Amino acid sequence: MPKTYTVGHYLSERLGQIGLKDHFAVAGDFNLVLLDQLLEEGSTKQLYSCNELNCGYTAEGYARANGAAAMIVTFNVGALSAINAIGSAYAESLPVIFVSGGPNTNDQGSGHILHHTIGNSNYGYQAEMFRHVTCATEVILSAENAPAQIDNAIRTALRTRKPCYIEIPCNLAGAECVRPGPVGSLLAETTPDKVSLDAAVKAACDFIETRKNLVILVGSRVRTLGSLEPIVALADRIGCAVTVMGAAKSFFPETHKAFRGVYWGEVSSPGAQELVEKADGVICLAPIFNDYATVGWQSKPPASQALIADLAEVTVDGKSYAGFHLGAFLAALSEKAPSRPATVENTKYTPVAIPSSAPGVPLTNDEMARQINALVDGKTTITAETGDSWFNAIRMHLPEGARVETEMQWGSIGWSVPAALGNAIGSPDRQHILMVGDGSFQLTAQEVAQMIRYEVPVIVFLVNNRGYVIEIKIHDGNYNYIKNWDYAGLIKAFNAEDGQGLGLHARTGAELADAIEKAKANKKGPTFIECHIATEDCTDTLVQWGKKVAAANSRPPQKN
Ligand code: DPX
């Protein structure tokens, strides 16, 4: 414990107090003293990224496993690279505490022109940019105010489940300030507005009472609950069928008797589309109905039939209720929902087996997905990149406890490599599988080197199908074909003299099976399996979905 406390120590102790074990960083001259302070105080371990975009995605992935994350970068040249990842954390509702070094306070307002800036002396523009993708933006300008500002940013991030922004001038990171007090108020939820909560629960009970065919539709923002129990409790209480949205794959146990698969319009699991679209009451839990989720605006439950329980608001029968969190609403509704005859027995879930192919023939997309699925156990997290990896992950059968992470709202390719690393660091007791296409991989490839550095045993399935296949199916052109790499060969370069990553090629089912066996035995680093798949070989659902989304994108402008 340091003898005197500084702004950097204060931040450091707070990060430990809110349950972080690690923070992620890229060094630069505006944050070096801050990084020293974090190391000295030592509540969390300092881990490094190859660049700031990767650092942001790593933190975003860590927050998925651990509830929150923190990252430290330098001013402008670092922070502006990271803004895409902070956009992701905002879109996906993940509290990432984003910290940037800032100019020396003596340079603020002095007219001095500093390096790493756009060449004028107004240094406020970085915070201004981040204001749009964070829930709280704190630019610290004195050590006295730093504790309150740091606390405000962290508290707001944890409560709203959004990223926050803290800028610490390079000459204040080591300036003396008070030591943090108990963490209580930072972790506490806001007290629910009881009147509004009671009214919402009453309206929801009326909705449940008056509908004949009810179904629960689980959306991706239920991740913020930190547990599936409240959803299972509600399903058990109401006794109705449960479907999950594509982005919410694994957010309801697939082994539960009420599970009826993925609802995704016409690319739903068998029976799920009819179930949801024929229901007269759809209880939607934290859904995001964007163009992708609605298959090009084709499949959103009509407002008259939907109860939408969002993170901070419930809408039912044309009225909205706010002032409480989803968790409080679900807890109260599970206790008070009227008893009604269970409808869960009226329908069945028929999982579709993933087809196999003979071991010696060229590897197919189906055979690859089938073998990956066989590897999944109750302690597996699959990180699936934007592209056909989504559709492959969605058709897998998950044992209880298995988890799928996608970034379907933000959908920035390259996310998955650092996000899988962050997730694996945040939950080291789980088996981590990454499914990523070649096009996406080319954006953030070098982060595999950090998996090697920190000996993180992620099993990476790289799909080498020579291009942006999802884009080929949506809107084809020369721009969808990429330079081929020897992806598995990269591992030798990243290993250099001391790494223990394994790079393998799989051109047949037999080669893939062999590679998976080697991956299971390699605990000292990632195993990278380059799966060679023909460009035209992808899931049927991708093709069907791609056509509908393309049609929605090409609607002509409406004439007045
Ligand atoms: C783009 C996408 O190879 O996967 O399965 O072959 O499609 P598939 P790949 O990783 O290709 C990904 C590619 C180019 N999207 O098909 S989804 C546009 C895009 C994006 N994010 C960013 N730039 C471009 N989503 C950062």
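That block above? That's the structure.
Conventions used here
Residues numbered from 1 in each chain as written. Predicted model: local features only at pLDDT ≥ 70, side-chain atom pairs only at ≥ 80, totals over all residues. Heavy atoms only, no water. Helix = DSSP H or I, 4+ residues; strand = E, 2+ residues; numbered from the N terminus. Rg over C-alpha atoms; globule rule 2.2 N^0.38 Å. Buried < 20%, exposed > 50% of the residue type's maximum accessible area, 1.4 Å probe, protein only. Areas by Shrake-Rupley, 256 points an atom, 1.4 Å probe, with all protein chains shown as cover. Lys, Arg positive; Asp, Glu negative; His and termini not counted. Charge placed at Lys NZ, Arg CZ, Asp CG, Glu CD. Polar contact = N/O pair within 3.5 Å; in protein donor to acceptor, adjacent residues only side chain to side chain. Contact = heavy atoms within 4.5 Å. Pairing = 2+ DSSP bridges. Axes fitted to C-alpha atoms, helices over the stretch in contact; angles between N-to-C directions. 1 Å grid on protein atoms, 1.4 Å probe; cavity = no way out; pocket = protein on both sides within 12 Å on 5 of 7 lines; lining within 4 Å. Points joined across faces, edges and corners; volume = space filled by probe spheres on them. Nonpolar A, V, L, I, M, F, W, Y, C, P; charged D, E, K, R; others polar.

## A short note on the overall build of the protein chain
From N to C terminus, the protein chain includes 20 helices and 19 strands. Taking 2.2 N^0.38 as the reference for a compact globule, 560 residues should give roughly 24 Å; the C-alpha atoms of the protein chain span a radius of gyration of 24 Å, in line with that estimate. Projected onto the principal axes, the alpha-carbon positions of the protein chain cover approximately 70 × 65 × 55 Å. Residues classed as buried in the protein chain amount to 58% of the 560 residues present. Of the accessible surface of the protein chain, which amounts to about 22,200 Å², a share of 53% is contributed by carbon and sulfur atoms. Between the centroid of the 46 positive side chains of the protein chain and the centroid of its 58 negative side chains there is a distance of 6 Å.

## Digging into the side chain of Asn 290
Assignment of secondary structure puts Asn 290 in the loop between strand 10 (281-285) and strand 11 (306-309). With relative accessibility at 14%, the residue Asn 290 sits in the buried group. Within polar-contact distance, the side chain of Asn 290 engages the backbone nitrogen of Tyr 292 at 3.1 Å. One polar contact links the side chain of Asn 290 to the main-chain amide nitrogen of Ala 293, over a distance of 2.7 Å. If near-sequence neighbours (up to four positions away) are discounted, Asn 290 is found in contact with Trp 297, Met 408 and Gln 409.

## Topic: the sheet that holds strand 4 (residues 96-102)
If you trace the 6 strands from one edge of the open sheet to the other, you get 2-1-3-4-6-5, paired in parallel fashion. Unpaired on one side and paired on the other, strand 2 (45-48) and strand 5 (137-139) mark the two borders of the sheet. The mean inter-strand angle of the sheet, taken between neighbouring strand axes irrespective of direction, is 20 degrees. Most of the contacts of helix 1 (residues 7-17) go to strand 6 (residues 164-169), to which it runs at about 155 degrees, and overall it touches strand 1 (22-25), strand 3 (69-73), strand 4 and strand 6. Relative to the sheet, helix 3 (residues 52-66) contacts strand 1, strand 3 and strand 4, its axis offset from that of strand 3 by approximately 170 degrees.

## A short note on the sheet that holds strand 10
Within a sheet, each strand pairs with its neighbour through backbone hydrogen bonds, oriented either parallel or antiparallel. The strand order across the open sheet built from 7 strands is 9-8-7-10-11-12-13, with neighbouring strands paired in mixed fashion. Only two strands of the sheet have a single partner each, and these edge strands are strand 9 (259-262) and strand 13 (319-322). Pairwise comparison of adjacent strand axes, ignoring direction, gives a mean angle of 20 degrees for this sheet. As paired strands, strand 7 (residues 214-218) and strand 10 are joined by 5 bridges and run parallel to one another. When the bridges of strand 10 are listed, Ile 216 appears paired with Ile 283.

## With respect to the environment of Gly 509
As for its position among the elements, Gly 509 is in helix 19 (residues 509-521). Residue classification places Gly 509 among the buried positions, given a relative accessible area of 3%. Distance from Gly 509 to Glu 277, taken between C-alpha atoms, is 39 Å for residues 232 residues apart in sequence. When near neighbours in sequence (up to four residues on either side) are disregarded, Gly 509 contacts Pro 359, Val 361, Leu 363, Glu 367 and Gln 371.

## Regarding the layout of surface pockets
Space inside the largest pocket adds up to approximately 850 Å³. In this structure, the largest pocket is lined by 43 residues; those nearest its centre are Arg 64, Arg 223, Gly 226, Ser 227 and Arg 403. Residue assignment for the lining of the largest pocket shows that the elements contributing at least two residues are helix 3, helix 6 (146-160), helix 7 (184-187), helix 9 (229-238) and strand 15 (403-405). Of the residues contributing to the lining of the largest pocket, the split by class is 20 nonpolar, 12 polar and 11 charged. Considering only enclosed or pocket space, the second largest pocket measures out at about 490 Å³ in volume. Secondary structure elements with two or more residues in the lining of the second largest pocket: strand 9, helix 13 (388-394) and helix 20 (540-553). Class assignment for the residues of the lining of the second largest pocket results in 15 nonpolar, 8 polar and 5 charged.

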